[in-house]
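A look at the structure
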Amino acid sequence: MNLAALIVTGDPVLADGLLRLAAAADAHAEVAHGPEEARPAWTWPALILVGADMAADVASAGLQRRPGVVLVTDSATSEAYRLAVEAGAQDVATLPDHEDWLVNAFAAACEPEGGWATTLCVVGARGGAGASVLAAALGLAAAGQGLRTLLVDADPFGGGIDLMLGLEEHEGVRWHDLAERRGRLNTAALHETLPRAGDLSVLSWRRGEPVPVSDEAVRALLDAAARGFDLVIADVPRYPGDVGRAALRAADVTFLLVPAEVRATVAADGLAAALRRDTADLRLVVQGPAPGGLTPDAVAHALDIPSAGAFERDRRLPAATDEGALERACRRGPLPDFCAKILADLALQPYAYREAA
């Protein structure tokens with residue numbers, strides 16, 4: 001495991017307390033009992049925590065100035081800030097007041113540098129439009145291209161998007177486990193604990209009555225997802241609720257799926273007005289066949305929404321979703337071809353890093 005943080009202190013109580021906070025963040029930290037012991041590893045970890053008892057020694061040891069140094073003390077006095085400046089620290093953390101801040105700092109330190117994920121939302125114009133299938137198919141296509149992808153089920157009453165992928169029996173974290181989460185989520189731990197198939201991870205709901213998810217938990221999840229994945233896809237219901245609305249606000253693009261029907265088009269007109277209040281980039285996807293001959297261009301003209309394209313409904317998909325075999329059904333056909341086009345239009349690229357196998 002890579003060293004995320006180095007703790008420089010001769011105080012065993014402080015060392016134990018900081019190691020406890022590192023463990024809470026799933027971060028690997030080690031203790032150096034003085035500046036000479038710290039010197040060989042001084043430039044490696046992202047975070048250096050210097051106890052107030054060692055600040056003067058660190059200042060006089062001639063260690064290289066570097067970012068990520070924090071002075072840890074029990075009181076934020078003027079003397080503490082003077083010591084911080086002399087030791088080359090950019091921040092001062094007091095205990096126990098700043099424990100949450102330190103946990104977040106440990107979590108950030110053990111994450112690799114990288115860009116931010118692209119976040120997509122998929123919304124259906126009417127019930128049964130196939131938005132969940134489209135969201136899952138996009139996730140499968142992206143994972144098939146080597147993109148580390150997270151599929152987020154934002155519909156607590158949708159029955160569980162993990163079912164159509166055959167992941168309902170897989171152990172792992174669901175929304176219920178994150179409902180009261182506070183503070184920064186470790187992206188590596190999130191990736192390891194979610195149910196997944198290859199590069200596709202899924203966050204869904206447990207069976208039974210959904211639990212309310214706090215706003216802080218939703219923000220922590222979406223932030224961790226953006227830091228730890230290449231692509232985040234949220235399946236958002238027409239009445240989005242708190243989880244869906246947060247996903248819409250985080251989205252780079254939202255796709256509104258409209259069957260090529262007059263009634264669905266009329267429904268989409270009102271829904272689009274509501275979606276525009278929460279999402280910056282709304283694009284239309286039209287699904288055929290059109291029972292009355294309504295064309296994708298006519299739907300786009302009626303709704304005045306930029307078109308992302310159209311595809312024909314695959315009659316194999318309802319049975320495949322019931323059997324949890326969507327992955328097999330999406331190996332060929334109009335839907336996977338359309339998903340490949342969407343991903344090509346977005347020009348997504350995997351992060352430069354990958355965890356060791």
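Below is a short write-up of the structure. (Residues numbered from 1 in each chain as written. Predicted model: local features only at pLDDT ≥ 70, side-chain atom pairs only at ≥ 80, totals over all residues. Heavy atoms only, no water.)

Moving on, we get to the layout of surface pockets. When its volume is computed, the largest pocket comes out at roughly 730 Å³. Taken together, the elements giving at least two residues each to the lining of the largest pocket come down to helix 6 (131–144) and helix 13 (317–322). Its residues assigned to classes, the lining of the largest pocket shows 14 nonpolar, ten polar and eight charged. (1 Å grid on protein atoms, 1.4 Å probe; cavity = no way out; pocket = protein on both sides within 12 Å on 5 of 7 lines; lining within 4 Å. Points joined across faces, edges and corners; volume = space filled by probe spheres on them. Helix = DSSP H or I, 4+ residues; strand = E, 2+ residues; numbered from the N terminus. Nonpolar A, V, L, I, M, F, W, Y, C, P; charged D, E, K, R; others polar.)

Applying the stated rule across the entire model yields 15 salt bridges. Between Arg-39 and Glu-36 there is a salt bridge, with the nearest N and O atoms lying 2.8 Å from each other. Among the residues examined, Glu-36 registers a relative accessible area of 52% and is labelled exposed. Asp-162 is paired through a salt bridge with Arg-207; the nearest N and O atoms lie 3.3 Å apart. Highlighted residues: Asp-162 in the loop between strand 7 (149–153) and helix 7 (175–178) and Arg-207 in the loop between strand 9 (200–203) and helix 9 (215–228), separated in sequence by 45 residues. Relative accessible area serves as the criterion here: at 1%, Asp-162 is assigned to the buried category. Ionic contacts of the salt-bridge type, sharing partners, join the residues Glu-79, Arg-82 and Glu-86 into one network. (Salt bridge = Lys/Arg side-chain N within 4 Å of Asp/Glu carboxyl O. Buried < 20%, exposed > 50% of the residue type's maximum accessible area, 1.4 Å probe, protein only.)

For the coordinates displayed, the defined rule picks out two aromatic pairs. Arranged with centres 5.1 Å apart and planes meeting at 35 degrees, the rings of Phe-311 and Phe-338 form a pair that is tilted. Here the residue Phe-311 occupies a position in strand 13 (residues 307–312), and Phe-338 occupies one in helix 15 (residues 334–346), the gap between them amounting to 27 residues. We note that Phe-311, like Phe-338, is buried. The ring of Phe-229 has Arg-148 lying over it, and the distance from NZ or CZ to the ring centre is 5.8 Å. (Phe/Tyr/Trp six-rings, centres within 6.5 Å; stacked < 30°, edge-to-face > 60°. Lys NZ or Arg CZ within 6 Å of the ring centre and 35° of its normal.)

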